[in-house]
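Letter by letter, the chains look like this.
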Amino acid sequence: MSDNENNSSIKNFPAFKIASLAILIAVTTVFTYIIRIPIAPTRGYINFGDVAIFFTAITFGPMTAFLAGGLGTALADLFAGYAQWAPITFFAHGLQGLLIGLILRKKINIIGIVFSFLAATVVMAGIYYITAGFMYGFGPALAEIPGNILQNVAGIAVGLPLAAAVRKAYPPIQNYKW
Amino acid sequence: MKEILKIENLKYKYPSYPNLDFPQLLNGINLTINTGDFIVILGKPETGKSTLLKIILSLIPRYTKGILSGKIEYKGIPVANYNPYDLIEKIGAVFQNPDEQIFTTSCDTEIAFALESLGLNREEMIRRVNKSFEVLKIEHLRNRNPATLSGGEKKKLLMACLYAANPQIWLLDEIIDELDPGSALSIVQRLIAEKRTVILFSSKMLNIFKDISCNFFILKNGILLAADKMKNSDFNMLMADEGLVIDNKHEALTPVQRLNPERMVLIENLKYKYPGNIDFNLHIDNFHIEKGEIVSLAGKNGSGKSTLGKLIAGLKEKESGLLSVKGKNNLSCAYLFQNPDYQIFLPTVKDELSFGLKLTDIEIEDTISKFKLPNRDVPPSLMSYGARKRLQAAVYYLMDRDIYILDEADAGLSLKDFDMLINILYKKAKSILIISHNLDLCTRYSNRVYLIDSGKIVKEIETDLQNTLDTYFMTESSNL
Amino acid sequence: MITSTFIQGNSFLHKADPRLKTSILLCTVILFFLPLSITAMFIFFTGLVLISIYSLGFFKTLLPFKMVLPIIIFVIILTPPFFKDGASILIIKNIIILTSEGLLHTIRLILRVTGITISFYIFFSTTSINNFILALEWFKLPYKAALVITIALRYIPSMVIIYNNIQDAHKLRSSNTQKIYFWKKINNMFPTLVSVLIHSIKSIPILSMALELRGIGSATKRSQFNIIKSNKMILQITISGVILLLVILVALLI
């Protein structure tokens, strides 16, 4: 019957967890797959997947960031035709989100931001490097590292202000962290 | 007759935020409903219909705290004693926006969803799913992805979901609008025959209600007014007052001055190809908007009317043909999307209004009072839907565009508010284009109506609008 | 946006049980990491390509090759310099560019990365995502996880539409000329991103309500409407298991 006091906050409902995960996965997939910015001189792209992960980690906490970040980017890989990377992407981006969420859980200050950036970059680029190394050699795998670092730079540089702006424009969001 | 739902002195007020206080929304609702009743609750937008529905489903105060008092009982037990997931077989609902209630990627799975929650065995699920497809006459949609359905089809699918779960009480929020009158009527009649209780919420008086014996209530100032407790003439007057029926008498607008015609928009032989797999392409032979005109573009969902609007606004690239818009660049048009939230992103009303503009305090205050906005420091995302729509119009009003394109802009606005918006915008605009599926609305404001279907203009009507349209359609519903 | 990788077809792979295909996919990936001889790897790789051509057609089979091309180029450029053992094959101005060891290793890496890519490509071209999720559920993926993915799949296309609309809405608000600078571009996108996120986050409680109204949260054990339609699974598994074992044995021997 009726919920007791501890469970009466919406963020504890199973349905709410399912809903927030599903929506944030969709957000991450769309940010990764659709939102891309060409980097001026080279022909490469930066996608906004990491922006979505930083945003999720700060506003929804580590567990949501782990699952939404991992699954969202893995689905983007699948649809883009890189299905073989999807399982690795899940761990690389999932752990990235988890770490940012854990480090910035209590408060957001300069030290925390720097730490979360370093941890996110090391884990994400590291996992990709090691698996790519096993798959096609540790020499060729080096080629991916600069791009992955750049992804994290964009992630934190856009994700943090984005989280702040959304929180300001839609205050109820602070009740959604779990 | 057995009493199934009893509401006594129900009061509710949404929680306040700093700088934003909501009025007492429900102020003593009394309603007793018996098994097999068909009840229509009419009320202009924002009178609390959807809120009442959520309280009946015990979603409020579960999701939105606020101040709630009074009694609401299902078969003698307060609904607050139930969790929403315990209500599947008791009270079911179809919300206004179907997209928010569809979870899966195939129609049969969608219908089976609630049955799986009930733990029914597979044979029973298959039987009920099949039966629901049959009753709603949507067998052909069985393996379709719900995302690809039209608005009306989605609503039928959601009704099929309810039919399979078979709740005692059906709560239907603004869902008849998009269904064709014939099937809407037959569904409701069937439910009544099966001793289901139906409560329908609507912001418009529709003709189909007249063909079913039902009890009308009007929700006004937080209380329910029963139609059978007032004189017929009073009821009709009240409906007109509240804008529940659209009368064709909007006199505030001056008729067009055709002495010095100036083309604002001219289209000849315009072609647009939809990306991806769509059955038709847009092909507009002739279309024009003169200075000072309010032109309407009426058509069904998916007829291409929004696409044409976006082409004029410069949001889409034509394939070939002539499209000339006065003022050349794409900043001569304002396009008001149906959903006001597309444009809202800043922390306060003041920020939102002055984004990219240099406004004085007086201009801001003037706009706020003109568009009846709460106050300058409110976060727009927390305001009511109607207030957000007025803010959206205010934003474009301040940008001084020549042509204002309103895409289904009446949705969620009371008729009075929409009248007000048209009046204010018309003072500034050189021309207005109203895009709508509602013909009554088009004829209320327009000098000319274009009818669009399958990407082509099928008729242009200029004189004696109402009669021409009536003879052209000869249908029950004024909704295309 | 394309949210389905499934290609309609009628081949034996289309009809095969998704649980079986999932297991085989896993085996294939492991196989490419085993210390097989180049010959075995090559035979195995050719087999995969032939299966792909048979079930998806020649032109569809070219796609995965196109996708791994950049990686193959990197492998060709960056692998040989790390191998100095074995007979020298290519020497320019007294610098050993390519040795036999280097060549063998390069070929091995190319076969591995291309082979794994093709395996995943075949799998997701012949298996619908819904069937894949059902298979994962059978392998004990919790129902709630499967539901989360299903709902996400349903929301992705509508979110793309919303994103495009919001982009349009903001385009008309600001006078934006073509800006080439990276930060300027991001600056212009910022309002769109905020609107997209607020819009998405506002839909969470509504979706949650709709889920609860259809029974999510209830203690009743859920039953299952969609089941994998395949009654020959045991047979399929035994046969494939035997074939796979033989293949691995032969491959190790070669």
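Cut-offs and rules
Residues numbered from 1 in each chain as written. Chains lettered and ligands numbered in written order. Predicted model: local features only at pLDDT ≥ 70, side-chain atom pairs only at ≥ 80, totals over all residues. Helix = DSSP H or I, 4+ residues; strand = E, 2+ residues; numbered from the N terminus. Rg over C-alpha atoms; globule rule 2.2 N^0.38 Å. Buried ≥ 20, exposed ≤ 12 C-beta atoms within 10 Å, placed from the backbone. Contact = placed C-beta atoms within 7 Å. Nonpolar A, V, L, I, M, F, W, Y, C, P; charged D, E, K, R; others polar. Pairing = 2+ DSSP bridges. Domains from an automatic or database assignment.

Asks: Before we go on, may I ask you to explain the overall build of chain B in this structure?
Replies: When you go through chain B residue by residue, the secondary structure sums to 13 helices and 19 strands. Rg of the C-alpha trace for chain B: 24 Å, near the compact-globule value of 23 Å for 480 residues, within the 12% margin. Taken along the three principal axes of its C-alpha coordinates, chain B extends 70 × 50 × 45 Å. Here chain B holds 480 residues, and the buried ones make up 48% of them. Within chain B, residue pairs in contact and separated by at least 24 positions form 73% of the contacts whose partners lie at least 6 positions apart.

Asks: Would you take a moment to explain the overall build of chain A for this structure?
Replies: Along chain A, the regular secondary structure elements total seven helices and two strands. For chain A, the succession of helices and strands along the chain, N to C, is α-β-β-α-α-α-α-α-α. Projected onto its principal axes, the C-alpha coordinates of chain A cover approximately 60 × 35 × 25 Å. When each of the 178 residues of chain A is scored for burial, the buried share is 57%. Relative to all contacts within chain A whose residues are 6 or more apart in sequence, the contacts with residues 24 or more apart total 66%.

Asks: Is there a simple way to think about the interface of chain C and chain B in this case?
Replies: You'll often see interface size given as the accessible area lost when the parts meet. Taken together, the 42 residues of chain C in the interface contact 45 residues of chain B. Secondary structure elements with two or more residues in the side of chain C that touches chain B: helix 7 (143–171) and helix 8 (182–213) of chain C. It is helix 8 of chain C that contributes the most residues to the side of chain C that touches chain B, 13 residues altogether. Residues belonging to the side of chain C that touches chain B are distributed by class as follows: 17 nonpolar, 17 polar and eight charged.

Asks: Looking at this structure, how should I read the interface of chain A and chain C?
Replies: The partner chain C presents 50 residues to the 43 residues of chain A that form the contact. Taken together, the elements giving at least two residues each to the side of chain A that touches chain C come down to helix 1 (14–33), helix 3 (62–80), helix 5 (110–136), helix 6 (138–141) and helix 7 (145–169) of chain A. At 15 residues, the largest contribution of residues to the side of chain A that touches chain C is made by helix 1 of chain A. Considered class by class, the residues forming the side of chain A that touches chain C number 37 nonpolar, six polar and no charged.

Asks: Can you walk me through the pairing of strand 6 (residues 91–94) of chain B in this structure?
Replies: One face of the sheet, then the other: side chains in a regular strand alternate in exactly this way. Residue and element names in this part refer to chain B. Where burial is concerned, the two faces of strand 6 agree: the one with Ile 91 and Ala 93 and the one with Gly 92 and Val 94 are both buried. Where strand 6 meets strand 7 (residues 169–173), four bridges bridge the pair, whose relative direction is parallel. What sits directly across from Ile 91, in strand 7, is Ile 169.

Asks: Any chance you could explain the domain arrangement of chain B here in plain terms?
Replies: All names here are of chain B. Here the domain parsing of chain B yields domain 1 (3–241) and domain 2 (263–473). Its C-alpha centre places domain 1 at a distance of 31 Å from the equivalent point of domain 2. With eight residues of domain 1 in contact, the opposing surface of domain 2 contributes 13 residues. Considering only residue class, the side of domain 1 that touches domain 2 consists of three nonpolar, three polar and two charged.

Asks: Just to check I follow, could you spell out helix 2 (residues 107–117) of chain B for this structure?
Replies: An α-helical turn contains 3.6 residues, so any two residues separated by three or four positions project in the same direction. All names here are of chain B. Burial analysis of helix 2 places 10 of its 11 residues in the buried class, which makes it a mostly covered element. Of all the residues in helix 2, the buried ones are Cys 107, Asp 108, Glu 110, Ile 111, Ala 112, Phe 113, Ala 114, Leu 115, Glu 116 and Ser 117. Where the residues of helix 2 are buried, they touch helix 3 (122–135) and helix 4 (151–165).

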